[in-house]
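# Coordinates in review
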Amino acid sequence: MFIIDCPWCGKRDISEFSNGGEAHITRPKRPDKMSDAKWAEYVFMRTNHKGQIAERWNHAAGCRQWFNALRNSATDEFLAVYKMGEKPPEVTTQEPLTPSGEAPIGSGNDAVKIVKSGEVS
Ligand SMILES: [Zn+2]
């Protein structure tokens, strides 16, 4: 069972929630003045990296409130939840946050290796 801690209702099953995509993306103030390329970048381009991400979630089958969550996209672990308009809380985790230890940026990027101090690459 996968549990999400709604800031208003408390811990509930994930089946009550819907994901709203990446958080902290601000809609442009004057889209009519933007080029098609810039508009497409706003609409479609997301960081989509592996590791800690900030997402919007909606408690659709509960209080229907939107909130933000920090989640590890590699392990599906929810690291924190916070209300809209609030800054993301500091989360103390160890990098990399991926189960196999590869770099958090780039899904399946085997060419990038993290070299720890004292190790020979
Ligand atoms: Zn709720």
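It should be noted that the structure appears before, not after, this text.
Residues numbered from 1 in each chain as written. Predicted model: local features only at pLDDT ≥ 70, side-chain atom pairs only at ≥ 80, totals over all residues.

Turning next to the overall build of the protein chain. Looking only at helices and strands, one finds one helix and six strands in the protein chain. N-terminal to C-terminal, the α/β element order of the protein chain is β-β-β-α-β-β-β. Looking at the 121 residues of the protein chain, the share that counts as buried comes to 10%. Considering only contacts within the protein chain whose residues lie at least 6 apart along the sequence, 48% involve residues at least 24 apart. (Helix = DSSP H or I, 4+ residues; strand = E, 2+ residues; numbered from the N terminus. Buried ≥ 20, exposed ≤ 12 C-beta atoms within 10 Å, placed from the backbone. Contact = placed C-beta atoms within 7 Å.)

Here we come to the nonpolar core. Grouped together as the largest cluster of nonpolar side chains are five residues: Ile 4, Trp 57, Phe 67, Ala 69 and Leu 70. The greatest single-element share of this core, amounting to three residues, is contributed by strand S5 (residues 66-72). For Ile 4, the contacting residues outside a window of four places in its chain are Arg 12, Ile 14, Phe 17, Trp 57 and Phe 78. (Core = buried A, V, L, I, M, F, W, Y, C linked by C-beta atoms within 7 Å.)

So, about the sheet that holds strand S4 (residues 52-58). With antiparallel pairing, four strands are arranged side by side in an open sheet as S3-S4-S5-S6. Edge positions in the sheet fall to strand S3 (18-22) and strand S6 (78-83), since each has one partner strand and no second. Taken pair by pair, the neighbouring strands of this sheet meet at an average axis angle of 30°, ignoring direction. Two elements, S5 and S6, share five bridges in a ladder whose sense is antiparallel. Within the sheet, the bridge partner assigned to Phe 67 lies in S6 and is Lys 83. (Pairing = 2+ DSSP bridges. Axes fitted to C-alpha atoms, helices over the stretch in contact; angles between N-to-C directions.)

So, about the pairing of S4. Remember that side chains alternate between the two faces of the sheet whenever the strand is regular. Note that S3 and S4 share three bridges and pair antiparallel. Its bridge partner lying in S4, Asn 19 is registered against Trp 57. When S4 meets S5, the two strands line up antiparallel, connected through seven bridges. Along S5, the bridge assignment pairs Glu 55 with Ala 69.

Let us now look at unusual backbone geometry. Positive phi, close to 65°, is recorded for His 24, a residue that is not glycine. Relative to the assigned elements, His 24 resides in the loop between S3 and helix H1 (36-44). We note that Asp 76 has phi near 65°; this positive angle belongs to a residue other than glycine. As for its placement among the helices and strands, Asp 76 is situated in the loop between S5 and S6.

Below, the discussion takes up the environment of Ser 18. As for its position among the elements, Ser 18 is in strand S3. A tally of 13 C-beta atoms within 10 Å means that Ser 18 is categorised as partly exposed. Remark: the alpha-carbon pair of Ser 18 and Arg 56, spanning 38 residues in sequence, is separated by 8.8 Å. When near neighbours in sequence (up to four residues on either side) are disregarded, Ser 18 contacts Asn 58 and Ala 60.

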